[in-house]
Amino acid sequence: KGSAVRRGMLAAQGEVILFADADNSTPIEELGPMLDLIAQGYDIVVGSRAAGGAQEAHRSALRRTMSATLRGMIRPLFNLNVGDTQCGFKLFRREVAHRLFAAQTIMGFSFDLEILYLANKWGYKIAEQPVAWVDAPGSKVDSAKEIKRFLKDMWRIKKNDYDGVYKDK
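An account of the accompanying structure is given in this report. (Residues numbered from 1 in each chain as written. Predicted model: local features only at pLDDT ≥ 70, side-chain atom pairs only at ≥ 80, totals over all residues. Heavy atoms only, no water.)

With that settled, the discussion passes to the pairing of strand S1 (residues 16–20). Judged by which residues are buried, S1 turns out to be one-sided: Ile-17 and Phe-19 face inward and are buried, whereas Val-16, Leu-18 and Ala-20, on the alternate face, are not. Pairing analysis gives five bridges linking S1 to strand S4 (residues 89–93), with the strands arranged antiparallel. Paired with Ala-20 across the strands is Phe-89, a residue of S4. (Buried < 20%, exposed > 50% of the residue type's maximum accessible area, 1.4 Å probe, protein only. Helix = DSSP H or I, 4+ residues; strand = E, 2+ residues; numbered from the N terminus. Pairing = 2+ DSSP bridges.)

And the structure:
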């Protein structure tokens, strides 16, 4: 997933660039308030299921619990004040997107965390916008397998930073 999103983000030419999950879990109508935040000077606006006012439908208790646990780990480990790094509905100013996605090294489902970590590290202004989100039926994502990968990717991001991979490019 991360590799496909990266290719699209780097090819996109609009002034602002949105990536949205292919299953339309977040309706396109959620874009308006995000555009307003970009106009107010934010570089990135993260659609969030964790922000006050967000609406979630059809999400299992297990997935909610796993997400809350990961969110609880991300804030202190990554010094990242974003409640929902994994919602697949994010808006970027083009030059910011191109810089961040050019530096991306995580090509799986955890790429969002790396992108937001870099954005925070490099001083970009990030806003979080509550969105409506519906868990699409028939998902082929194996949650247990993805949690293991996510934990490995969290370690990899920290190691990359320590090793100087994320020098301000």
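Turning next to the packing of helix H1 (residues 2–11) against helix H4 (residues 94–103). Contact pair H1 / H4: the axes reach a minimum separation of 9 Å and the direction vectors enclose 145°. For H1 against H4, the interelement crossing comes out left-handed. Taking contact as the criterion, the partners of Val-5, Arg-6, Met-9 and Leu-10 in H1 are, on H4, Ala-97, His-98, Phe-101 and Ala-102. Split by residue class, the contact of H1 with H4 holds six nonpolar, one polar and one charged. (Axes fitted to C-alpha atoms, helices over the stretch in contact; angles between N-to-C directions. Left-handed = near helix turned anticlockwise from the far one by under 90°. Contact = heavy atoms within 4.5 Å. Nonpolar A, V, L, I, M, F, W, Y, C, P; charged D, E, K, R; others polar.)

Centre-to-centre distance and the angle between the planes together describe a pair of aromatic rings. Tallied over the full model, the rule gives seven aromatic pairs. Arranged with centres 6.4 Å apart and planes meeting at 50°, the rings of Phe-101 and Phe-111 form a pair that is tilted. One end of the pair, Phe-101, is in helix H4; the other, Phe-111, is in helix H5 (residues 111–121), and 10 residues separate them in sequence. With respect to class, Phe-101 is no different from Phe-111; both count as buried. Through a chain of ring-to-ring contacts, the aromatic side chains of Phe-19, Phe-92, Phe-101 and Phe-111 assemble into a single cluster. Over the face of the ring belonging to Tyr-42 we find Lys-125, whose NZ or CZ atom lies 4.8 Å from the ring centre. Cation over ring: Lys-158 sits above Phe-78, and NZ or CZ is 5.5 Å from the ring centre. (Phe/Tyr/Trp six-rings, centres within 6.5 Å; stacked < 30°, edge-to-face > 60°. Lys NZ or Arg CZ within 6 Å of the ring centre and 35° of its normal.)

Another point: the pairing of strand S5 (residues 126–130). Across the two faces of S5 the burial differs, with Ala-127 and Gln-129 buried and Ile-126, Glu-128 and Pro-130 not buried at all. Bridge count for strand S2 (residues 44–48) against S5 is five bridges, and the pairing is parallel. Paired with Ser-48 across the strands is Pro-130, a residue of S5.

Burial analysis of H5 places nine of its 11 residues in the buried class, which makes it a mostly covered element. Directly after H5, the chain includes Gly-123, whose backbone phi takes a positive value near 85°.

All right, on to H1 then. Of all the positions in H1, only Gly-2, Val-5 and Met-9 are classed as buried. Projection of H1 onto a plane perpendicular to its axis shows the buried side chains occupying an angular sector of 65°, all on one side. Exposed and oriented more than 90 degrees from the buried face of H1 are Arg-7 and Ala-11. (Arc of directions from axis to C-beta.)

In the structure shown here, the tally under the stated rule is seven salt bridges. As a salt-bridge pair, Lys-90 and Asp-112 come within 2.7 Å of each other at their nearest N and O atoms. Here the residue Lys-90 occupies a position in strand S4, and Asp-112 occupies one in helix H5, the gap between them amounting to 22 residues. Of the two residues, Lys-90 and Asp-112, neither departs from the other in class, the shared state being buried. A salt bridge links Arg-93 to Glu-95; the shortest N-O distance between them is 2.0 Å. Residue Arg-93 is classed as partly exposed on the basis of its relative accessible area of 25%. Given the relative accessible area of 44%, Glu-95 is considered partly exposed. (Salt bridge = Lys/Arg side-chain N within 4 Å of Asp/Glu carboxyl O.)

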